Amino acid sequence: DMVAPGRGIKCSLCTKVLKKMQALAGDNPDESAVEAALQKGCRALGRSVGRRCQQLVSKYREQITEGLQNGDMPRDICTAMGICRS
């Protein structure tokens, strides 16, 4: 899939990472549940993806947290962050 200019993170990776974190955070997660999901989610994806995942989380922590708490779809969160095209 196409990578937005200047972004090393692909839409498919972003979506995969967010799906994993959404599953870990559960329904209606509070901030601590999201925080735990951010920690565990990257480790659960293996070493090579995990490193990219860490970069994604550190760069977009607020948007990811907000999106997960709002119950947004992973693809929509990635689009809002400018990684996926709408």
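All of these numbers come straight from a predicted model, not from anything done at the bench.

Caption draft 1: Representation of the overall build of the protein in the model. For the protein, the helix and strand inventory stands at four helices and zero strands. Reading the helices (α) and strands (β) of the protein from amino to carboxyl end gives α-α-α-α. C-alpha extents for the protein along the principal axes are approximately 35 × 30 × 15 Å. Counting every position in the protein, which comprises 86 residues, the buried fraction comes to 38%. Expressed as a percentage of contacts within the protein between residues at least 6 apart in sequence, the contacts between residues at least 24 apart total 61%. When the accessible area of the protein is evaluated, it comes to approximately 5200 Å², of which 47% is carbon and sulfur surface. Side chains of the protein carry 14 positive and 9 negative charges; the gap between the two charge centres is 14 Å.

Caption draft 2: Expanded view of the pattern of salt bridges. Evaluation of the coordinates by the stated rule reveals one salt bridge. When the shortest N-O distance is used, the salt bridge between Arg-61 and Glu-35 registers 2.6 Å. On the criterion of sequence distance, the pair formed by Arg-61 in helix α3 (residues 47–70) and Glu-35 in helix α2 (residues 31–44) is long-range, its members being 26 residues apart. Its relative accessible area of 32% is what places Arg-61 among the partly exposed residues.

Caption draft 3: Layout of the packing of helix α1 (residues 11–25) against α3. Direction vectors running N to C along α1 and α3 enclose 65 degrees, while the axes themselves pass 10 Å from each other. The interaxial crossing formed by α1 with α3 has right-handed handedness. Contact residues: α1 offers Leu-13, Cys-14, Val-17, Leu-18, Met-21 and Gln-22, while α3 offers Val-49, Arg-52, Cys-53, Leu-56, Val-57, Ile-64 and Leu-68. For the contact of α1 with α3, a count of residues per class yields 11 nonpolar, one polar and one charged.

Caption draft 4: View of the confidence of the model for the protein. With 91% of its residues at a pLDDT of 70 or more, the protein shows a mean pLDDT of 88. Averaged over each element, pLDDT in the protein is lowest for α2 (91) and highest for helix α4 (residues 74–80) (96).

Caption draft 5: Fine view of unusual backbone geometry. At Asn-28, a position not held by glycine, the phi torsion is positive, near 50 degrees. Within the element layout of this structure, Asn-28 appears in the loop between α1 and α2.

Basis of the calculations
Residues numbered from 1 in each chain as written. Predicted model: local features only at pLDDT ≥ 70, side-chain atom pairs only at ≥ 80, totals over all residues. Heavy atoms only, no water. Helix = DSSP H or I, 4+ residues; strand = E, 2+ residues; numbered from the N terminus. Buried < 20%, exposed > 50% of the residue type's maximum accessible area, 1.4 Å probe, protein only. Contact = heavy atoms within 4.5 Å. Areas by Shrake-Rupley, 256 points an atom, 1.4 Å probe, with all protein chains shown as cover. Lys, Arg positive; Asp, Glu negative; His and termini not counted. Charge placed at Lys NZ, Arg CZ, Asp CG, Glu CD. Salt bridge = Lys/Arg side-chain N within 4 Å of Asp/Glu carboxyl O. Axes fitted to C-alpha atoms, helices over the stretch in contact; angles between N-to-C directions. Left-handed = near helix turned anticlockwise from the far one by under 90°. Nonpolar A, V, L, I, M, F, W, Y, C, P; charged D, E, K, R; others polar. pLDDT = per-residue confidence, 0-100.

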